[in-house]
Amino acid sequence: MLEIENISAGYGAKLVLHEVSLRVAPGEVTAVIGPNGCGKSTLLRCAAGLLRLHSGAVRLGGDEISSLDARERARRVALLPQSFEGGGELTVEEMTALGRTPHLPPYGALSTHDRDIVRRSLESVGAMEFAGRRVGQLSGGERQRVLLARALAQEPKILLLDEPISSLDIRYQCEILDLVRKLARRENLAVVAVLHQINLAAAVADSMLLLDAGRVRAHGTPGQVMTQELLQSVFAAPLRVQLHPLSGKPQAQMMWDFGNIE
């Protein structure tokens, strides 16, 4: 269980989050949505224990995150950042094996057990077939699968994803989110994903958290959060919400008139 209780946090003297609360149970996917600069990535940094809180608490399985050292946090929480540079010369297997670092003694080599976990992680995301390729040779979708495998190799209880599909085309966006949902169920992970694509967020998430200027505007099921009144107010855009004809999930449609193009 990930428990975020009334946290306020920011950078220097400037608060970005104001009394934000969230609970995510194992096996559940929570999507965090909101305008640019509303505090979505800051919330993930707090959940990962990377940013000191001004007030409130973050608990992992009942333990306050501030009481855990970096290695113990990394055993429990995996964070997939918004962007990841470097590592292009590593093989896919080597990149995935980096996820075992929190479980190794200083300068320790991978054991047979560690290598088994690396292999299972690659198999879980469908990346075992290119385990010997260089990361720099991968497509965007393949690279995201490998980064997910590395996160799984940490054997976390909580998976935090910061815009994991922002640079992918629509096919890979759907594939990665479908994979994340399946992993949450299969590995019993509590997943929090920051997503700009609010329709895909509503399609994949069990619950949604809508942030506005660092405050919670709504939290609940996609049907409770994805209302026309709320979305128009927070995003300041002419949006119409309808139910998807197949899934029944709420979907927002932009009602913007760009005018005639001569």
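Everything below is about the structure printed above this text.
Just so it is clear, the model here is predicted, and its values are computed rather than measured.

Criteria and cut-off values
- Residues numbered from 1 in each chain as written.
- Predicted model: local features only at pLDDT ≥ 70, side-chain atom pairs only at ≥ 80, totals over all residues.
- Heavy atoms only, no water.
- Helix = DSSP H or I, 4+ residues; strand = E, 2+ residues; numbered from the N terminus.
- Rg over C-alpha atoms; globule rule 2.2 N^0.38 Å.
- Contact = heavy atoms within 4.5 Å.
- Lys, Arg positive; Asp, Glu negative; His and termini not counted.
- Charge placed at Lys NZ, Arg CZ, Asp CG, Glu CD.
- Patch = residues over 30% accessible without salt bridge, like charges linked within 9 Å, V, L, I, M, F, W, Y side chains within 5 Å.
- Areas by Shrake-Rupley, 256 points an atom, 1.4 Å probe, with all protein chains shown as cover.
- Salt bridge = Lys/Arg side-chain N within 4 Å of Asp/Glu carboxyl O.
- Buried < 20%, exposed > 50% of the residue type's maximum accessible area, 1.4 Å probe, protein only.
- Pairing = 2+ DSSP bridges.
- Axes fitted to C-alpha atoms, helices over the stretch in contact; angles between N-to-C directions.
- Polar contact = N/O pair within 3.5 Å; in protein donor to acceptor, adjacent residues only side chain to side chain.

Asker: Where do I start with the overall build of the protein chain in this structure?
Answerer: Helix and strand counts for the protein chain come out as nine helices and 12 strands. The C-alpha radius of gyration computed for the protein chain amounts to 19 Å, which stays within 12% of the reference 18 Å derived for 262 residues, consistent with globular compactness. By sequence separation, contacts in the protein chain at least 24 residues apart represent 66% of the contacts at least 6 residues apart. Of the side-chain charges in the protein chain, 29 are positive and 29 negative, and the distance between the mean point of each set is 3 Å.

Asker: What should I look at first to understand a nonpolar patch on the surface in this one?
Answerer: Taken together, M254, W256 and F258 make up a surface patch of nonpolar side chains, about 400 Å² in accessible area. Mapped onto the fold, F258 is located in the segment after β12 (250-254). In this structure F258 comes out as exposed when scored by relative accessible area, which is 71%.

Asker: Is there a simple way to explain the sheet that holds strand β1 (residues 2-11) in this structure?
Answerer: By way of backbone hydrogen bonds, the strands of a sheet pair with one another, either parallel or antiparallel. Here we have four strands laid out as an open sheet, ordered β2-β1-β4-β5, and antiparallel in their pairing. Either end of the sheet is taken by a strand with one partner, and the two such strands are β2 (14-24) and β5 (63-64). Direction of pairing for strand β4 (residues 53-60) relative to β5: antiparallel, over a ladder of two bridges. Counterpart to L60 in the pairing with β5 is D63. Here helix α1 (residues 40-47) sits on the sheet and contacts β1, β2 and β4; the angle it forms with β1, its principal contact strand, is near 120°.

Asker: Before we go on, may I ask you to explain the pattern of salt bridges in this structure?
Answerer: Here the idea is simple: oppositely charged side chains can pair when their charged atoms come close. Going through the model one piece at a time under the given rule, you end up with 16 salt bridges. In this structure, the salt-bridge partner of R145 is E175, at a minimum N-O distance of 3.5 Å. With R145 in helix α5 (residues 140-153) and E175 in helix α6 (residues 170-187), the pair connects residues that are 30 residues apart, well separated along the chain. Residue R171 pairs with E175 through a salt bridge whose shortest N-O separation is 3.0 Å. One end of the pair, R171, and the other, E175, are both in helix α6, four residues apart, so they sit about a helical turn from each other. Counted as one network, the salt bridges with shared partners bring together D63, E72, R75 and R76.

Asker: What should I look at first to understand the side chain of D162 in this one?
Answerer: When you line up the elements, D162 lands in strand β7 (residues 158-162). The buried charged residue D162 lacks any salt bridge partner; its closest oppositely charged side chain belongs to K40, at an N-O distance of 7.6 Å. Of the polar contacts made by the side chain of D162, one reaches the side chain of S41; its length is 2.9 Å. Setting aside residues no more than four positions away along its own chain, D162 makes contact with S41, L44, L80, P81, Q82 and V194.

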